[in-house]
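# Topology and contacts: notes
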Amino acid sequence: MESKIKEEVFLKKGKMKKDLCYMTAAERVAWKEKMGKEIRSHLFSIGQPLVYRKNGQMIAEYADGHIEKV
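Below: a short report on this structure. Since the structure is predicted, the reported quantities are computational estimates derived from the model, not experimental observations. (Residues numbered from 1 in each chain as written. Predicted model: local features only at pLDDT ≥ 70, side-chain atom pairs only at ≥ 80, totals over all residues. Heavy atoms only, no water.)

The next thing to look at is the overall build of the protein. Broken down by element type, the protein carries two helices and three strands. Helices and strands in the protein line up, N terminus first, as α-α-β-β-β. Here the protein holds 70 residues, and 14% of them are scored as buried. The contacts of the protein with a sequence gap of at least 6 include a subset with a gap of at least 24, amounting to 0%. With the model as given, the accessible surface of the protein reaches about 6,400 Å², and the carbon-plus-sulfur share is 58%. (Helix = DSSP H or I, 4+ residues; strand = E, 2+ residues; numbered from the N terminus. Buried < 20%, exposed > 50% of the residue type's maximum accessible area, 1.4 Å probe, protein only. Contact = heavy atoms within 4.5 Å. Areas by Shrake-Rupley, 256 points an atom, 1.4 Å probe, with all protein chains shown as cover.)

This is the structure we're talking about:
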């Protein structure tokens, strides 16, 4: 039998204030930007680079600002 997590429990455990399904387009854009900043901050605080794809190449960005191709 499949169990379903109640929405209230899910929202209280994470950082989201509102479910993505119920957000307006502007709220989703703001949420995405905020999460990006939090992820970057967290990775840098634990000494890890932010790795992403840019122009078809993998890039590692470090807290000190230098960028390397991976």
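The next point concerns the sheet that holds strand β1 (residues 50-54). Adjacent strands of a sheet form backbone hydrogen bonds with each other and so pair up, either parallel or antiparallel. Reading across the sheet, the three strands line up as β1-β2-β3 and stay open at both edges, with antiparallel pairing between neighbours. Two strands lie at the open edges of the sheet, namely β1 and β3 (67-69), each paired on one side alone. Neighbour to neighbour, the strand axes of the sheet diverge by 30 degrees on average, direction disregarded. Bridge count for strand β2 (residues 57-61) against β3 is three bridges, and the pairing is antiparallel. Opposite E61, over in β3, you have I67 as the bridge partner. (Pairing = 2+ DSSP bridges. Axes fitted to C-alpha atoms, helices over the stretch in contact; angles between N-to-C directions.)

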